[in-house]
Amino acid sequence: MTAPWDDILLNKQLIEDVVPIAVDAALLQGVLMRTKEEPNASDMVNYAPFSLFPSPVPRTLFEEARAVQQDFNLLVNLVSQDFRFLKQTLASTVKVDEFVAQLFKIYRHVLEEGVAQSVFLGINRSDYMFDRGTDGIVALKQIEINTIAASFGGLASRTPDVHRHVLTVLGKSEEASRLLSNHPAEGIAAGIALAWKLYGSDKAVVLFLVENIQRNIFDHRYIENELWKRKISVIRRRLCDVAERASLDKDRRLYMDGQEVAVAYFRTGYMPEDYDTQGWDARLMMERSQAVKCPDIATQLVGTKKVQQELSRPGTLERFLPTNPEAVARIRKTFAGLFSLDLGEEGDKTAAMAIATPEKFVLKPQREGGGNNIYSEEIKKVLEKAGNSAERSSYILMDKICPQPVKNYLLKAGGALQLSDCISELGIFGVYVRHRKELLLNEQVGHLLRTKAVQHADGGVAAGVAVLDNPFLL
Ligand code: GSH
């Protein structure tokens, strides 16, 4: 796909002139991150990585991704309420994956005790790439759905103005005016605010669970500030703070430093490294409480790769959405080939196929946060080493998506300026709120386009690989 600025890309002088303008625009717009050197102080900040130009995206596929988001919200909401399905689906995984096993243990504990939470808030981001088939037809294919700490909705609200400015300076004001506005932070905050209201205690706060290292704080602040605008108080705490200073009252209301918590919004807690023993104690306490967890433990489990793979089995979507064949068709259309590696005949076949043609697949463990997937010859090594041991079932196999590379400049603070062959990943943010069994909100609230150089197989913005971008619809 060609962009209307292809003629400019090789004009070295013009590019060198416009880069500092673009960087200052990003700083002015608040497209910011704390630095590696000072990750917990805002005295010194820098721009978050972004692409110099927006990236061309086929309009029909963009619309397809937006249109299917409410279906995915429905699906996640339903799967999160189906203990039998989750138990069966994750049975092989919990045997070999300590992290998923811990999450599942808490899930079971909470169900056995009786769930105190009555309001449920889902904030997810479904990520896609544009797969170019051998016939040249480009299709939207889901990479994964993030049900915990789906990030960059804040900064993505500010990047359109950066690209508009760059294009205007380069004499492309008509193209600049065609760039979409984007407001995920507002939509995410509206979901949190509704959950807070339904919880029903004016004085209760929204608790952001955050990491020890908080480089991406500005992305959080956009959501926090939207909540403050609605006069909802926000506090930020780490899991260790919760373990040390939070408590439950006799009705299992959650208190943090003496303040009642209405909503606990997780921006940590998706990787094994996020937890020590204290961290797990904190998670259990929160899950047992009445507070609205975003996500609750069941919804976090819905985001595992194993669940993604099992949902693609014939008949499974129909089971969850029996009266909605259109939604089933829209969802299924986005699935790439997904294959089980569980022990047994089916898994043996998958393993043999992957070992024979590893370049066609991605091997995925049950991990979030980026940078965990396995590609090419490495797939062969891992599967040959795992052999017929249970370790094999900690992975799933997925078709490798092959997007058409596009040239762009990726701007990273302190990085060299070079023209790169890039591929993009489109994420759509979804928000839903359920009160007991009743779904009160189900919306698509915006998008996130991230772009990286083709040589990086895996990894997002937080991992330092991809950069923020905007779709230019063609
Ligand atoms: N803890 C950080 C935050 O809350 O901003 C990062 C969270 C994170 O890495 N979230 C993943 C994500 O959305 C989903 S689990 N990553 C997008 C990216 O890094 O490009």
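Residues numbered from 1 in each chain as written. Predicted model: local features only at pLDDT ≥ 70, side-chain atom pairs only at ≥ 80, totals over all residues. Heavy atoms only, no water.

- Under an unreviewed UniProt entry, the protein chain has the name Glutathione synthetase and belongs to Microcaecilia unicolor.
- Per UniProt, the comment on the protein chain under Pathway (unreviewed entry) is "Sulfur metabolism; glutathione biosynthesis; glutathione from L-cysteine and L-glutamate: step 2/2."
- Listed under Sequence similarities (unreviewed entry) in UniProt, the entry text for the protein chain is "Belongs to the eukaryotic GSH synthase family." (UniProt positions renumbered as here; feature names shortened; annotations may be inferred.)

### Quick look at the site of the ligand
Inference 1: Taken together, 17 residues lie near the ligand, and Glu211, Asn216, Arg267, Arg450 and Val461 sit nearest.
Inference 2: Within the side chain of Glu211, a nitrogen or oxygen atom sits 2.7 Å from a nitrogen atom of the ligand.
Inference 3: A distance of 2.5 Å separates an oxygen atom of the ligand from a polar atom in the side chain of Arg450.
Inference 4: Considering the ligand on its own, with 510 Å² of exposed area, one finds that the protein chains cover 95% of that surface.
Inference 5: Residue classes in the shell around the ligand are distributed as 7 nonpolar, 5 polar and 5 charged. (Near = heavy atom within 4 Å. Polar contact = N/O pair within 3.5 Å; in protein donor to acceptor, adjacent residues only side chain to side chain. Areas by Shrake-Rupley, 256 points an atom, 1.4 Å probe, with all protein chains shown as cover. Nonpolar A, V, L, I, M, F, W, Y, C, P; charged D, E, K, R; others polar.)

### Remarks on the packing of helix α4 (residues 83-96) against helix α5 (residues 98-113)
Inference 1: Where α4 contacts α5, the axes come no closer than 8 Å and their chain directions differ by 145°. Between α4 and α5 the crossing geometry is left-handed. Side by side, α4 and α5 meet where Phe83, Leu86, Lys87, Leu90, Thr93, Val94 and Val96 of the first sit next to Glu98, Val100, Ala101, Phe104, Tyr107, Arg108 and Leu111 of the second.
Inference 2: In terms of residue class, the contact of α4 with α5 is built from 10 nonpolar, 1 polar and 3 charged. (Axes fitted to C-alpha atoms, helices over the stretch in contact; angles between N-to-C directions. Helix = DSSP H or I, 4+ residues; strand = E, 2+ residues; numbered from the N terminus. Left-handed = near helix turned anticlockwise from the far one by under 90°. Contact = heavy atoms within 4.5 Å.)

### Focus: helix α1 (residues 12-29)
Inference 1: Taking 1.5 Å as the rise per residue, α1 with 18 residues should run 26 Å; its terminal C-alpha atoms sit 26 Å apart, in good agreement.
Inference 2: The sharpest bend along α1 reaches about 25° and sits at Val18, with the proline Pro20 one to four residues further on.
Inference 3: Buried within α1 are the following residues: Ile15, Val18, Val19, Ala22, Val23, Ala25 and Ala26.
Inference 4: Lining the buried residues of α1 we find β2 (45-47), β3 (50-51), α6 (159-169) and β17 (406-411). (Expected span 1.5 Å × (residues − 1). Bend = angle between axes of the 7 residues up to and from the residue. Buried < 20%, exposed > 50% of the residue type's maximum accessible area, 1.4 Å probe, protein only.)

### Here's the deal with the UniProt feature "binding site: Mg(2+)" (unreviewed entry) in the protein chain
Inference 1: Mapped onto the present numbering, the UniProt feature "binding site: Mg(2+)" (unreviewed entry) falls at Glu144, Asn146 and Glu368. These annotated residues cover 225 residues of sequence, but their C-alpha atoms sit close together, with the largest distance between any two at 9.8 Å.
Inference 2: Note that Glu144 resides in strand β6 (residues 138-146).
Inference 3: Among the residues examined, Glu144 registers a relative accessible area of 15% and is labelled buried.
Inference 4: For Glu144, the residues in contact, after removing those within four places along its chain, are Arg125, Ser126, Asp127, Lys305, Gln308, Lys364 and Glu368.
Inference 5: You can see Glu368 is positioned in the loop between β14 (361-365) and β15 (374-375).
Inference 6: Its relative accessible area of 14% is what places Glu368 among the buried residues.
Inference 7: Once you skip the residues sitting within four places of it in the chain, Glu368 turns out to touch Glu144, Asn146, Tyr270, Met271, Gly303 and Lys305.
Inference 8: A distance of 3.2 Å separates the side chain of Glu368 from the side chain of Lys305, its partner in a polar contact.

### Comments concerning the environment of Glu16
Inference 1: Relative to the helices and strands, Glu16 resides in helix α1.
Inference 2: C-alpha of Glu16 to C-alpha of Glu318: the two residues are 302 residues apart in sequence and 54 Å apart in space.

### Details of the pattern of salt bridges
Inference 1: The full count for this structure, using the stated rule, is 35 salt bridges.
Inference 2: Ionic pairing is found between Arg125 and Asp127, a salt bridge with its closest N-O pair at 2.8 Å. Here the two residues Arg125 and Asp127 agree in accessibility, since each one is buried. (Salt bridge = Lys/Arg side-chain N within 4 Å of Asp/Glu carboxyl O.)

### Observations regarding the packing of helix α8 (residues 184-199) against helix α9 (residues 217-229)
Inference 1: One way to put it is that α8 packs onto α9 with a least axis distance of 9 Å and a crossing angle of 50°. Classified by the angle between their axes, α8 and α9 sit oblique to one another. Seen from above, α8 lies across α9 with right-handed handedness. Along its contact with α8, which presents Ala185, Glu186, Ile188, Ala189, Ile192 and Ala193, the element α9 presents Tyr222, Ile223, Glu226 and Leu227.
Inference 2: Grouping the constituent residues of the contact of α8 with α9 by class yields 8 nonpolar, no polar and 2 charged. (Parallel < 35°, antiparallel > 145°, perpendicular 65-115°, else oblique.)

### Here's the deal with the UniProt feature "domain: Glutathione synthase substrate-binding" (unreviewed entry) in the protein chain
Inference 1: The UniProt entry lists residues 204-302 under the feature "domain: Glutathione synthase substrate-binding" (unreviewed entry), expressed in the numbering used here.
Inference 2: Its end C-alpha atoms 28 Å apart, residues 204-302 is made of 38% helix and 28% strand.

### Considerations on the confidence of the model for the protein chain
Inference 1: Per-residue confidence for the protein chain averages 97 on the pLDDT scale, and 100% of its residues sit at or above 70.
Inference 2: Model confidence for the protein chain, summarised as mean pLDDT per element, is weakest for β15 at 95 and strongest for strand β11 (residues 259-266) at 99. (pLDDT = per-residue confidence, 0-100.)

### Focus on the domain arrangement of the protein chain
Inference 1: The assigned domain composition of the protein chain is domain 1 (12-336 + 401-473) and domain 2 (337-400).
Inference 2: Distance from the C-alpha centre of domain 1 to the C-alpha centre of domain 2: 25 Å.
Inference 3: Residue-level contacts link 31 residues of domain 1 with 25 residues of domain 2.
Inference 4: For the pairing of domain 1 and domain 2, the buried interface totals around 2,300 Å² over both sides, and the portion due to carbon and sulfur atoms is 53%.
Inference 5: A per-residue breakdown of the area domain 1 buries against domain 2 is headed by Lys305, Ala336 and Asp458, which together make up 26% of the total.
Inference 6: Taken together, the links from domain 1 to domain 2 amount to 4 salt bridges.
Inference 7: At the boundary of domain 1 and domain 2, one finds 13 residue pairs in polar contact (both at pLDDT 80 or more). (Domains from an automatic or database assignment. Buried area = accessible area lost by both parts, 1.4 Å probe.)

### Points about the state of the cysteines
Inference 1: Counted by the stated rule, this structure contains 0 disulfides.
Inference 2: Of the cysteine sulfurs around Cys422, a residue in no disulfide, the closest is that of Cys402, at 17 Å.
Inference 3: Residue Cys422 is classed as buried on the basis of its relative accessible area, which comes to 2%. (Disulfide = S-S within 2.5 Å.)

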